[in-house]
Amino acid sequence: MTTVSVFGGAGFLGRCLVQRLVSEGSTVRVAVRHADRARSALRSAGLDRVSVFAADVRDQATVGAALAGADAVVDAVSAYVETGGVTFEAVHEEGANTLAREAVAAGVVRFVLVSGIGADPESGSPYIRARGRGERVVQQAFPAATIVRPSAMFGPGDALFGTVAHLARLLPVLPLIGGGRTRLQPVFVEDVAEAIARILADPGTAGQTYELAGPKVYTLRELFEITLSLMGIRRLLVPVPFAVAEVQARLFEFLPNPPLTSGQVDLLKADNVASRDLPGLRELNILPKAIEAIVPTYLGRSHTGA
Ligand SMILES: NC(=O)c1ccc[n+]([C@@H]2O[C@H](COP(=O)([O-])OP(=O)(O)OC[C@H]3O[C@@H](n4cnc5c(N)ncnc54)[C@H](OP(=O)(O)O)[C@@H]3O)[C@@H](O)[C@H]2O)c1
């Protein structure tokens, strides 16, 4: 039996992963900053027997406590907006480094870092650069670490279709950032969770980097159109240049749950599709599920009230 510490285990991906690991008999610990919130989220998902640790990847002492005795660690922590002491560098680079170093010190055998397609240590975007440097420092500190880079993830509660649907309910026109031409290869969140579970179970995946993408490539405009069609409503799609979207995102970032962040705008400046140079879901024997098979189950007309 394996003990896995999942940092960020109460998040969108983290919850699916915890569910998956518990179902196969692993002992799972969740490490997050807001332990009470995580306990209640996990309880609603029927995961009340998972232990929750209050830990912040920016605080070495709390990380060590959540790692002690673990066989494996998954870093599924996110920072989408910089506020106060939370910077992309502090969470995605320094935090990942602290986690990897502490994992080595604790004798952890497997380490999985969740990064993202497009991560680039030389990028001009603070978000994309921190993701790329995070991968680099983890590989240096824990050479057997496995890195997974998902494309945009979908599933109930996602920030992809969920955000477009939310905006469509509020606004008569929807902004198509960069003209909506960026290509994405969205991947089902449960396929990503399954991939991480298989990586943890297979020592042959140590030291590899996987790009996890769905079965089909869509433009951003097509994803907006799919959302509207599922909701059964029409909205005007208005192209918005990246420079304007950046200003909008900076203003949105003052909101508690911004519908758009500067990191997301930066990510949309390049296609977010699997490069085919790296292994992916196919090499893990996972048949990726299509948007068309999953999204209608949570975004159909009967779910939106449209
Ligand atoms: N969602 C996507 O479409 C997508 C696509 C590609 C890659 N990714 C990557 O996948 C990973 C998971 O993303 P997600 O969408 O599941 O994120 P999420 O829903 O925002 O969840 C993030 C989790 O991390 C915890 N967390 C945040 N800051 C922390 C810190 N300093 N120390 C410890 N825990 C912290 C949060 O709990 P607390 O707030 O209580 O700490 C939460 O449990 C991230 O690395 C993200 O960049 C996501």
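Residues numbered from 1 in each chain as written. Predicted model: local features only at pLDDT ≥ 70, side-chain atom pairs only at ≥ 80, totals over all residues. Heavy atoms only, no water.

**Considerations on the overall build of the protein chain**
So, point 1. The helix and strand inventory of the protein chain stands at 13 helices and 13 strands.
So, point 2. Its C-alpha atoms put the protein chain at 55 × 40 × 40 Å along the principal axes.
So, point 3. Across the 306 residues in the protein chain, those meeting the buried criterion constitute 52%.
So, point 4. Put simply, of all contacts in the protein chain between residues at least 6 apart along the chain, 76% involve residues at least 24 apart.
So, point 5. When the accessible surface of the protein chain is totalled, it reaches about 14100 Å², and 52% of it is carbon and sulfur. (Helix = DSSP H or I, 4+ residues; strand = E, 2+ residues; numbered from the N terminus. Buried < 20%, exposed > 50% of the residue type's maximum accessible area, 1.4 Å probe, protein only. Contact = heavy atoms within 4.5 Å. Areas by Shrake-Rupley, 256 points an atom, 1.4 Å probe, with all protein chains shown as cover.)

**Considerations on the sheet that holds strand 11 (residues 209–212)**
So, point 1. Read from one edge of the open sheet, 7 strands run 3-2-1-4-5-6-11, paired in parallel fashion. Looking at the sheet topology across the chains shown, the edges are occupied by strand 3 (51–54) and strand 11. Averaged over all adjacent pairs, the angle separating strand axes in this sheet is 20°, with direction ignored.
So, point 2. As paired elements, strand 6 (residues 146–150) and strand 11 share 4 bridges and run parallel to each other. In the sheet register, Ile147 faces strand 11, and the bridge partner there is Thr209.
So, point 3. Where helix 7 (residues 189–201) meets the sheet, it contacts strand 1 (3–7), strand 4 (72–75), strand 5 (110–114), strand 6 and strand 11, and its direction lies at approximately 155° from that of strand 5. (Pairing = 2+ DSSP bridges. Axes fitted to C-alpha atoms, helices over the stretch in contact; angles between N-to-C directions.)

**Quick notes on the packing of aromatic side chains**
So, point 1. Applying the stated criterion to the full structure yields 4 aromatic pairs.
So, point 2. Consider the rings of Phe154 and Phe161, whose centres lie 6.3 Å apart with planes at 85°: the pair is edge-to-face. The two residues Phe154 and Phe161 agree in class, both being buried.
So, point 3. Between Phe154 and Phe188, the aromatic rings sit 5.6 Å apart at their centres with planes inclined by 25°, giving stacked as the arrangement. Of this pair, Phe154 sits in strand 7 (residues 153–154) while Phe188 sits in strand 10 (residues 187–188), and the two are 34 residues apart along the sequence. In this structure, Phe154 and Phe188 share a single accessibility class: buried.
So, point 4. Grouped by ring-pair contacts, the aromatic residues Phe154, Phe161 and Phe188 constitute a single cluster. (Phe/Tyr/Trp six-rings, centres within 6.5 Å; stacked < 30°, edge-to-face > 60°.)

**What about the pairing of strand 1?**
So, point 1. Burial runs high along strand 1: 5 of the 5 residues are buried.
So, point 2. Along strand 1, one buried face is formed by Thr3, Ser5 and Phe7 and the opposite face, lined by Val4 and Val6, is buried too.
So, point 3. The sheet contact formed by strand 1 and strand 2 (residues 27–32) spans 5 bridges and is parallel. The residue of strand 2 that forms the bridge with Thr3 is Thr27.
So, point 4. Read from strand 1 through helix 1 (residues 12–23) to strand 2, the crossover connection turns out right-handed.
So, point 5. Pairing of strand 1 with strand 4, which is carried by 4 bridges, proceeds in the parallel orientation. Looking across to strand 4, one finds that Phe7 is bridged to Asp75. (Right-handed = clockwise from strand over helix to strand, strands pointing away.)

**Examining helix 6 (residues 161–170)**
So, point 1. The complete set of buried residues in helix 6 reads Phe161, Thr163, Val164, Ala165, Leu167 and Ala168.
So, point 2. Residues of helix 6 that are buried in the fold lie against strand 7, strand 8 (173–177), helix 8 (220–231), helix 11 (291–294) and helix 12 (296–299).

**Let's talk about the packing of helix 4 (residues 88–105) against helix 5 (residues 126–141)**
For any two helices packed against each other, one specifies the inter-axial angle together with the distance between the axes.
So, point 1. Contact pair helix 4 / helix 5: the axes reach a minimum separation of 8 Å and the direction vectors enclose 10°. Judged by the angle between their axes, helix 4 and helix 5 are roughly parallel. Note on element contacts: helix 5 touches helix 4 through Pro126, Tyr127, Ala130, Arg131, Arg133, Gly134, Val137, Val138 and Ala141, opposite Phe88, Glu89, His92, Glu93, Ala96, Asn97, Ala100, Arg101 and Val104.
So, point 2. Class assignment of the residues belonging to the contact of helix 4 with helix 5 gives a composition of 10 nonpolar, 3 polar and 5 charged. (Parallel < 35°, antiparallel > 145°, perpendicular 65-115°, else oblique. Nonpolar A, V, L, I, M, F, W, Y, C, P; charged D, E, K, R; others polar.)

**Re the site of the ligand**
So, point 1. Lining the immediate environment of the ligand, one finds 24 residues, of which Leu13, Arg33, Ser78, Tyr80 and Arg131 sit closest.
So, point 2. Separating an oxygen atom of the ligand from a backbone N or O atom of Leu13 is a distance of 2.8 Å.
So, point 3. Residue Ser78 places a side-chain N or O atom 2.8 Å away from an oxygen atom belonging to the ligand.
So, point 4. For the ligand, whose free accessible area comes to 890 Å², the fraction covered by protein is 85%.
So, point 5. Classifying every residue of the shell around the ligand by side-chain character gives 14 nonpolar, 6 polar and 4 charged. (Near = heavy atom within 4 Å. Polar contact = N/O pair within 3.5 Å; in protein donor to acceptor, adjacent residues only side chain to side chain.)

**Details of the side chain of Thr182**
So, point 1. Within the secondary structure layout, Thr182 lies in the loop between strand 8 and strand 9 (183–184).
So, point 2. A polar contact of 2.6 Å, which involves the side chain of Thr182, links it to the backbone oxygen of Leu268.
So, point 3. Discounting chain neighbours no more than four positions away, the residues touching Thr182 are Tyr218, Thr219, Leu220, Phe242, Leu268, Ala270 and Asp271.

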